[in-house]
Structures are given as structure tokens and as C-alpha cells.
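Listed below are the residues making up each chain.
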Amino acid sequence: MNRKILNEVNKLIKEDGALNTNIKDIKLYKTESFCPRGPLIYDVCLVLVLQGTKIGYLNQNRFEYNNKEYLVVPTTLPFECETIASKEEPYICMLISINKELMYEVIDLISKEPKPYSNSKLAVFSDKVTEEIEDITFRLLKVLQDKEESEILGKSLLKELFYRVAKSENAHFLYKMFLNNKTEAKIARSIRFIHNNYHDKIDITELAKTVDMSVASFHSHFKKATSFTPLQYIKSIRLNKAKELLMNNNYLVNDCAYEVGYENSSQFSKDFKNYFGFPPKEAKPL
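The rules behind the values
Here the residue numbering is sequential within each chain, running from 1 through the sequence in written order. Given that this is a predicted model, residues contribute local features only at a pLDDT of at least 70 and side-chain atom pairs are listed and counted only at 80 or more, while totals for whole chains, interfaces and linings are drawn from all residues. The side-chain quantities take in all heavy atoms of the structure and omit both hydrogens and water. Simply put, an axis is a line fit to the C-alpha atoms, just over the touching stretch for a helix, and the angle between two N-to-C directions goes from 0 to 180 degrees. Put simply, DSSP H or I for four residues or longer makes a helix, DSSP E for two residues or longer makes a strand, and each gets a number counted from the N terminus. Small angles under 35 degrees read as roughly parallel and large ones over 145 as roughly antiparallel, with 65 to 115 read as roughly perpendicular and the rest as oblique. By definition, any crossing whose near helix is turned counterclockwise from its far helix by less than a right angle is left-handed, and any crossing with a clockwise turn is right-handed. Whether two residues are in contact is decided by their heavy atoms: any pair within 4.5 Å suffices. Charged residues are taken to be Asp, Glu, Lys and Arg, nonpolar residues to be Ala, Val, Leu, Ile, Met, Phe, Trp, Tyr, Cys and Pro, and polar residues to be all remaining types, Gly included. Definitions used for this entry: grid spacing 1 Å over protein atoms alone; cavity, a set of points where a 1.4 Å probe fits but cannot get out; pocket, an open set with protein on both sides within 12 Å along at least 5 of 7 lines; lining residue, one with an atom within 4 Å of a point. Grid points are joined across faces, edges and corners, and a volume is the space filled by probe spheres set on the points. Salt bridges are defined as contacts in which a side-chain nitrogen from Lys or Arg sits within 4 Å of a carboxyl oxygen from Asp or Glu. Type-normalised accessible area, obtained with a 1.4 Å probe on protein chains alone, sets the label of each residue: buried when under 20%, exposed when over 50%, and partly exposed for intermediate values.

## Quick notes on the packing of helix α3 (residues 131-143) against helix α4 (residues 147-166)
Point 1. In contact at an axis separation of 10 Å, α3 and α4 are set at 165° when each is read in the N-to-C sense. Between α3 and α4, the interaxial angle falls into the category roughly antiparallel. Seen along the crossing, α3 lies across α4 with a hand that is left-handed. Every residue of α4 that contacts α3 at Glu132, Ile133, Ile136, Arg139, Leu140, Lys142 and Val143 is listed here: Glu149, Ser150, Leu153, Leu157, Leu158, Glu160, Leu161 and Arg164.
Point 2. Here the contact of α3 with α4 is composed, by residue class, of eight nonpolar, one polar and six charged.

This is the structure:
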């Protein structure tokens, strides 16, 4: 991203932390501190890094995104992330929730679906920040400074941005996630179901049936898309939600375990420590 973009974003976010903007689907985030690798859930979003570097890990897969590469997560995925930042060069990003109706509209209007550019089957991809995307980013940051302009111009600018992303080299998976008859779209629906019902008992066989897939095919395609088996994915979502409850709502460990779907609090504590590297009782409120 160029200097004029940094000038505009610095008018909006001056301190470390997350900032809601005049467009509800856009948040800005800034930190001057290095953040070591740790769990983070991304939920159907586009991440535009304006300064600094973020490194995402999905099991054995590594994604580095910075001011030259953006990240698209077309479904809910539990990442591990590391943030490269310093006081001299803070990490600043624009986190944009992908409005599904708007993306459907864009994809429907594009005459030709892009051919796969890479062999990756994962439900996440990075791509180059083009001059067009830089230009839209700059205009978005200008508009975000005024509530009226945001309300009037925000949707059209997001539509323009989604169009540029949908036309990028690696966007073929985005199409598959948004076209309901595709296997990838079925996996996306099952992921959304897990995300909304993680606190309940989830039967994988029944889940496969709801998307009209055999259990073997469901397992295979689910792991290709997320790098997790369905059970690993459910556990990851539950543990990330548990950490959020413990840190933000001051839950007791036992209550938290049952809240996220565990039937045994000791198993919950064991899984939590294995996943985060510290026991749930040490998860401090923010």
C-alpha cells in the first residue's frame, strides 16, 4: 500500500486496538506490538494489510499477507496467526466482512468463472494487491471519514472491491463456495452449521446427510477445504469460543466447558491446555 493510504488510515485509527467504522462491515485494527503465533477465528472475510505483516497457519499450510498480498477467507476457519509489528512500523489492517448477498450479486454478473490457477483445495487464498485494489482502498478510507458518505457510497465501493477480488487469479475457490450446487458450497454450509451449533452434540453422519454427501466423501472434502477433520474442526471452534468466554465474560472453567459443548470439564481442561499452551484458569479477562 502506498503512503497516501497510510496517511488516510492514520486519520481514522490513532491507538492500538480494533476500531468500528461508519461502514458496519469494515473494521480497522492497529498494533505496535509483535504478537506470537496463537489461535484466531476468521469468519467469511477479506483482510487488507496496510502496513506490517501477518502470517497465518492452517495446520501445515502457511500464508503470509502484507501490503502486497491480501487474504480471503470465504468460510469460517480457525487459524493460528503471528503478527509482525513494531512501534516504528505498526501493523495496520482493514478487516472486511464479506457481505454474501453482495458477493452473490457480483459473481452472478461475471460472465466467466476463473480457471484454477493453483492446485490448492483449501477454503482460503491470498492474491496480489493490484493498482485497482489500492485505488479502491484509498477511496474507502476517504469515505469512512464521513458518516453520510459512508451510507451513500459504501455499498458501491464494497461491490467494486468484491468484483476486483472475484476477478483475481486465485478466486476460483471463492466461486465454488458461493455456488450452492458445488461440493465446496456444501462444505461451507456444514461449516456454518458447526459454527452456529458448536455447543450442541453434532453427529457427523447426520451432518453429511444434510448436505447430501456420503460420510467418506464428506470427511475427504471437509479436510481438503479446511485441513481439519470434522471432529478436529468442532474441537477447535469450541476451544476458541471457550477462550473468548473466559477472557471476556469471566466464566468459571466448569461452566465454560458445558457452555461450549463439553460433557466432561477435565477433558475440556486437558484439550484447552494442549491447544493454547496454558490451562483455562489462566485465561485472563481483557
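## So, the layout of surface pockets
Point 1. A volume near 1,200 Å³ is recorded for the largest pocket.
Point 2. Along its surface, the largest pocket is lined by 33 residues, and Tyr29, Pro39, Leu40, Ile41 and Lys54 are the ones closest to its centre.
Point 3. Elements with a minimum of two residues in the lining of the largest pocket: β2 (26-31), β3 (35-51), β6 (69-84), β7 (91-97) and α9 (230-248).
Point 4. By residue number, the principal contributor to the lining of the largest pocket is β3, which donates eleven residues.
Point 5. Of the residues assigned to the lining of the largest pocket, the class counts are 19 nonpolar, five polar and nine charged.
Point 6. Taken as a whole, the second largest pocket spans an internal volume of roughly 290 Å³.
Point 7. Taken together, Lys201, Ile202, Leu231, Ile234, Lys235, Arg238, Gly261, Tyr262, Glu263, Asn264 and Gln267 form the lining of the second largest pocket.
Point 8. Counting residues per element, the lining of the second largest pocket draws most heavily on α9, at four residues.
Point 9. Grouping the constituent residues of the lining of the second largest pocket by class yields four nonpolar, three polar and four charged.

## Structural notes on the pattern of salt bridges
Point 1. Scanning all chains against the criterion turns up eleven salt bridges.
Point 2. In this structure, Glu8 engages Lys142 in a salt bridge whose closest nitrogen and oxygen atoms are separated by 3.9 Å. Of this pair, Glu8 sits in helix α1 (residues 3-12) while Lys142 sits in helix α3, placing them 134 residues apart in sequence.
Point 3. Residue classification places Lys142 among the partly exposed residues on the basis of a relative accessible area of 39%.
Point 4. Arg62 is paired through a salt bridge with Glu64; the nearest N and O atoms lie 3.3 Å apart.
Point 5. Given the relative accessible area of 49%, Arg62 is considered partly exposed.
Point 6. The exposure class assigned to Glu64 is partly exposed, which follows from its relative accessible area of 36%.

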